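Inside the fold
If you want the building blocks of each chain, they are given just below.
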2 protein chains.
Amino acid sequence: MNQKFAINLFSLVLAALLFVPVSRAQEIQRPGGPKVVSPEIAADNSVTFRLYSENARSVEVNGSWMGMGEILQMKKGSDGIWTASTEVLEPSMYHYNFVLDGVSILDPRNPKAMRDGTRYASTLMVPGDASEVFQLNDVPHGSITKVWYDSPTLKLNRRMYVYTPPGYEDSKEKYPVLYLLHGGGGDEDAWTSLGRANYILDNLIAAGKARPMIVVMTNGNANQTASVTDWSKQPDPALNINPGSNRSEQEIMEGITAFPKSLVNDVVPYIESHFRVKSDSENRAIAGLSMGCMQTQIISMTNPGMFEYIGCFSLGIHFNDPFGVISNNILIPAYDKYLETMKNKVFYVGVGSEDFVYEGVQTLRKKLDEHNFKYIYNETGGGHTWANWRLYLSDFSPMLFK
Amino acid sequence: MNQKFAINLFSLVLAALLFVPVSRAQEIQRPGGPKVVSPEIAADNSVTFRLYSENARSVEVNGSWMGMGEILQMKKGSDGIWTASTEVLEPSMYHYNFVLDGVSILDPRNPKAMRDGTRYASTLMVPGDASEVFQLNDVPHGSITKVWYDSPTLKLNRRMYVYTPPGYEDSKEKYPVLYLLHGGGGDEDAWTSLGRANYILDNLIAAGKARPMIVVMTNGNANQTASVTDWSKQPDPALNINPGSNRSEQEIMEGITAFPKSLVNDVVPYIESHFRVKSDSENRAIAGLSMGCMQTQIISMTNPGMFEYIGCFSLGIHFNDPFGVISNNILIPAYDKYLETMKNKVFYVGVGSEDFVYEGVQTLRKKLDEHNFKYIYNETGGGHTWANWRLYLSDFSPMLFK
C-alpha cells in the first residue's frame, strides 16, 4: 500500500484500459481536439450541434426534421468549433448527419447512431409525451431473438428477428402473431433499430393498451440471407427484383412475388412450429411500410382468410410502375376478388399528407370504398418517415387481437 | 398495358421507393458525387480506399492493421476523388476510419460498420483461411436472444445476449454454458458485432471442433441497463467504478466487485432457470478480455468450484492501479487461496507480444507457476485487439466441456 498515491503513467493506462473506452493502442481512435458536447438538447427542446475541425471549409447539418432540400449551416468559432442550433423541435426520434466539406458523416460526439440499409446516421431523441411510447422505459421488456430459418422457396437459409412479449419465457400460454415488414432499402434490423418496435410493444403492453403478442420481423429482400453487416459474400443478383433493370414482365412478377410466397410457405410455418403461437386467422396480423405494405397487400389479398388484421403504412395502389406489373397484374385483381367476400376486423391505412405516395393511397381508399369495405384511415402530417411509421405501429397494434 | 414502356418520373420514384434504399425524401441522405467504390480488395489482398470530396484539405486512413501512430495519406485526383492503397493485408477482419480535415468519419461507401462502445468504424473483411472461422458460412446457425433480466444486486433490469447453438429449439437436450465478458468501453453487443462470437461458434460446432454450447454475453458496466444505443437516460454515475475518480478504497472495491457479484447472484441463476442448461461446474466456463478478464479472475477465484473452464484474454496481474485495489486486495489473496486447492480442466491465458498488458500477464504466469498450476498459454503477435480476441475464442472454445 506504499504505492497508494503513486499514480504513474502505467496506472493511468491500466485505468483507461479497464474502465473507459479503449483508445488507439487497440481499436477505434477517439476523436481529437476539445471535448465538445453534441448534440445538446436545451430545456425548450431546441438542439445545438457542435463539431471540432480547424481545417474544414464548410459544415452543415442535415436532419430528418427538415423539409426537402433544407440544410442548417454550422458556423466556425475562433476555437475551431463549428456550431449550429435548431428551432424548437417537437418530441420525436430524429436522425441527422453532418456534411463536412461535402461528405455526409456521423456526429463524432454522439454515441447513438443507426443504420438504414447501407447508410448510417446519428440519432437524436427529443423527450416529451409523444416520445414516451418508443423510449426504453422502466417496464417489463420482451426479448428479441435473431433466428435462422430455411426458406425452400428462396433456396436460402435466412435470418429474422422475433419479438416475444414480457413473460413469454415464464408462461405456457400461446400468443397471437404480428408479421411486420420493412421498406425498400431496409432489412430485418430496421423495425427494431429505426422503428423501436420492441419498445413500442413493451410500453403498450405495460399500459394495458396492446395485448401481449409475438412480432416477426423478416428480411423482405428476396436475395438476402441477412442484413449487409453480416454478409460474407454478395447476394445473388439473379434474385434482384428491381423492375427498372431490363427484366421481362414474367421475371418481374417472379421477383416481386418471391418474398411474399416465402413468407406464407416458409416463415409462418417456422414460427408456428417453433414458438408458442395461436395459429388461426383471428390471431394473425400482417403490416408493412412502403415496399413492406406492397408485400402486405400481395400476401393478404392473395391468401384470403389467412390474416384477420391488416395494416398498410405509406403505400397504396399505383398504376405507373414499369409494365404496371404490381398494381394491374397483381393488386387490382386480388383486391377485387378479396373485397367481394372477405371482411377484416381491422384494415388499417396510414399515410402522411406530405408523403409522395399520398395519391396512391387515395386510389386504394377509392377501391375499398367501391366495395363498401370498412377500414381505418389515419392521415398524419409529414412524409415518408420513420417518425410516421413508429406512430402508425403505436396506433395499429392496440387494435389487434381484440 | 398501354403504358408498358411509359417510364415517367413518377414510376422512377416508385421504383426507387420500392426496391432501392429510400433517399432524401424520407430518410438518410445518399452520399453525393460519383459512385466511387470503397473499400476495394484486390486479388492479392491489398486494399484501395476512395472518398469523393472536392473541398477537403486532407484525408487519411486510420486502420486497425496499422502500428501505433501510423496513418495512410490519401491523395486527391483531378476528379475530386481521394485514393490510397495498402500493402498486402493478412486475412482478418479489420476496421478503419477516414480522417477528413481532422475529423474521424466512416467510409461513406462502405455499408459495413461496427460500434465499439461509443465509437463507430467501418469494417473490412480480408478473405483467406484465417478469416474462415468468423465468416458467415453455409453452416447451421445458432440464435442470439436479447433478454432482459432482473439484477437485485445492481438494482437494475438489464439486457444480455444469449447464443443458443443450432438445433437448440428442436431438441430437449441440456447444454453447457460459456459466460463471455467484454472489455472496457464495450457492452453486451461487443462479442457478437466485433467479436463475431456467434459465427465462430457456428463454424467450430459445424466442423465438430467445439461442442454445442450456450454462450452468455453480459453488459459488464455495472451502472448500465443496456448498450448506449438503447438508453433513454444516462446511467447512474453513483455506480461508476473508475478508480481514478477520487473514490475511497472501499468505494472502489464495491464498484469493482459489483458486476462480478451480479453475475454470480443474478445472471447464472437466470440462465439456469430460463434455458435448458447443465448446471454443474463441469458444464460452466467463463472467459473475458481485458476488463472482462479482470472480472473473470475475480468471479472464478472468489467462487472456487463454480467454473471448471477459465479463459483470460489480454490481462494478467498488475500492481500499479491506484490503491492497488484490484491486484493487492482482491486478486492475489484470491489466487493464493484458489491455487492451493483447485485444479481446472482448462485454464487458458492468451496475450499478444506487443500488448501493453504483456508484463502483467507474465506476472500472472509466475503466480500460476509458483503453485505448479497447469495452464495453457497462447502468445500471439499483435496487441490489444479484436483480431487477437477472435483468435483466442476460436482457440479456447474447442477445449471446453470435453
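The shown structure was predicted, so the numbers you read here are calculated from the model rather than taken from an experiment.

Conventions and cut-offs
- Residues numbered from 1 in each chain as written.
- Chains lettered and ligands numbered in written order.
- Predicted model: local features only at pLDDT ≥ 70, side-chain atom pairs only at ≥ 80, totals over all residues.
- Heavy atoms only, no water.
- Helix = DSSP H or I, 4+ residues; strand = E, 2+ residues; numbered from the N terminus.
- Buried < 20%, exposed > 50% of the residue type's maximum accessible area, 1.4 Å probe, protein only.
- Contact = heavy atoms within 4.5 Å.
- Areas by Shrake-Rupley, 256 points an atom, 1.4 Å probe, with all protein chains shown as cover.
- Axes fitted to C-alpha atoms, helices over the stretch in contact; angles between N-to-C directions.
- Parallel < 35°, antiparallel > 145°, perpendicular 65-115°, else oblique.
- Left-handed = near helix turned anticlockwise from the far one by under 90°.
- Salt bridge = Lys/Arg side-chain N within 4 Å of Asp/Glu carboxyl O.
- Disulfide = S-S within 2.5 Å.
- Expected span 1.5 Å × (residues − 1).
- Bend = angle between axes of the 7 residues up to and from the residue.
- pLDDT = per-residue confidence, 0-100.
- Phe/Tyr/Trp six-rings, centres within 6.5 Å; stacked < 30°, edge-to-face > 60°.
- Lys NZ or Arg CZ within 6 Å of the ring centre and 35° of its normal.

The next point concerns the overall build of chain A. Check the secondary structure of chain A and you find eight helices and 18 strands. Looking at the 402 residues of chain A, the share that counts as buried comes to 61%. Residue pairs at least 24 apart in sequence account for 73% of intrachain contacts in chain A once pairs closer than 6 positions are excluded. In the structure as shown, chain A presents an accessible area of about 15000 Å², 51% of it carried by carbon and sulfur atoms.

Residue and element names in this part refer to chain A. Their axes nearest at 9 Å, the elements helix α4 (residues 249–274) and helix α5 (residues 291–301) cross at an angle of 60 degrees. Judged by the inter-axis angle, α4 sits oblique to α5. At the point where α4 passes α5, the crossing takes the right-handed sense. Residues Ile-256, Phe-259, Pro-260, Leu-263 and Val-264 of α4 lie in contact with α5, whose contacting residues are Met-294, Gln-295, Ile-298 and Ile-299.

A separate point is the pattern of salt bridges. Going through the model one piece at a time under the given rule, you end up with 20 salt bridges over all chains. Across the pair Glu-282 of chain B and Lys-345 of chain B runs a salt bridge whose closest N-O atoms are separated by 3.0 Å. Here Glu-282 of chain B, found in the loop between α4 (249–274) and β15 (284–289), pairs with Lys-345 of chain B, found in the loop between α6 (325–341) and β17 (346–352); they are 63 residues apart in sequence, far enough to count as distant. Relative accessible area serves as the criterion here: at 34%, Glu-282 of chain B is assigned to the partly exposed category. A salt bridge links Lys-367 of chain B to Glu-370 of chain B; its shortest N-O distance comes to 3.6 Å. Of this pair, Lys-367 of chain B and Glu-370 of chain B both sit in helix α7 (residues 358–370), three residues apart, which is roughly one turn of that helix. Shared partners join several salt bridges into a network, and the residues in it are Arg-115, Asp-187 and Asp-189 of chain A.

What follows concerns helix α8 (residues 386–396) of chain B. Burial runs high along α8 of chain B: eight of the eleven residues are buried. Inspection of α8 of chain B places Trp-386, Asn-388, Trp-389, Arg-390, Tyr-392, Leu-393, Ser-394 and Phe-396 of chain B among the buried residues, and these make up the whole buried set.

Quick look at the state of the cysteines now. Residue and element names in this part refer to chain B. One pass over the structure, following the stated rule, counts two disulfides over all chains. Each sulfur of the disulfide joining Cys-293 and Cys-312 lies 2.5 Å from the other. Here the S-S torsion is close to 100 degrees, and the disulfide linking Cys-293 with Cys-312 is therefore right-handed. Here Cys-312 lies in strand β16 (residues 309–313) and Cys-293 lies in helix α5 (residues 291–302), a separation of 19 residues in the sequence. Neither Cys-293 nor Cys-312 differs from the other in exposure class; each is buried.

Right, let's talk about α4 of chain B for a bit. For α4 of chain B, spanning 26 residues, the distance from its first C-alpha to its last is 37 Å, which sits close to the expected 38 Å at 1.5 Å a residue. The principal kink in α4 of chain B, of about 40 degrees, is found at Leu-263 of chain B.

This brings us to the confidence of the model for chain A. Residues and elements named next belong to chain A. Across chain A, the average pLDDT comes to 89, with 89% of residues at 70 or higher. Contacts from residues 19–27, a stretch scored under 50 in pLDDT, to residues over four places away or in other chains number 39 contacts. Per the prediction output, this complex has pTM 0.92; the corresponding ipTM is 0.91.

Scanning the model with the defined rule gives 39 aromatic pairs over all chains in all. Here Tyr-96 of chain A and Phe-98 of chain A contribute two aromatic rings whose centre-to-centre distance is 5.8 Å and whose plane-to-plane angle is 50 degrees, an arrangement assigned as tilted. Given a relative accessible area of 0%, Tyr-96 of chain A falls into the buried group. Ring pairs connect the aromatic residues Trp-191, Phe-313, Tyr-348, Trp-386, Trp-389, Tyr-392 and Phe-396 of chain A, which therefore count as one cluster. The ring of Tyr-377 of chain A is capped by Arg-365 of chain A, whose NZ or CZ atom sits 3.6 Å from the centre of that ring. When the ring centre of Tyr-168 of chain B is taken as reference, the NZ or CZ atom of Arg-276 of chain B above it lies at 4.3 Å.

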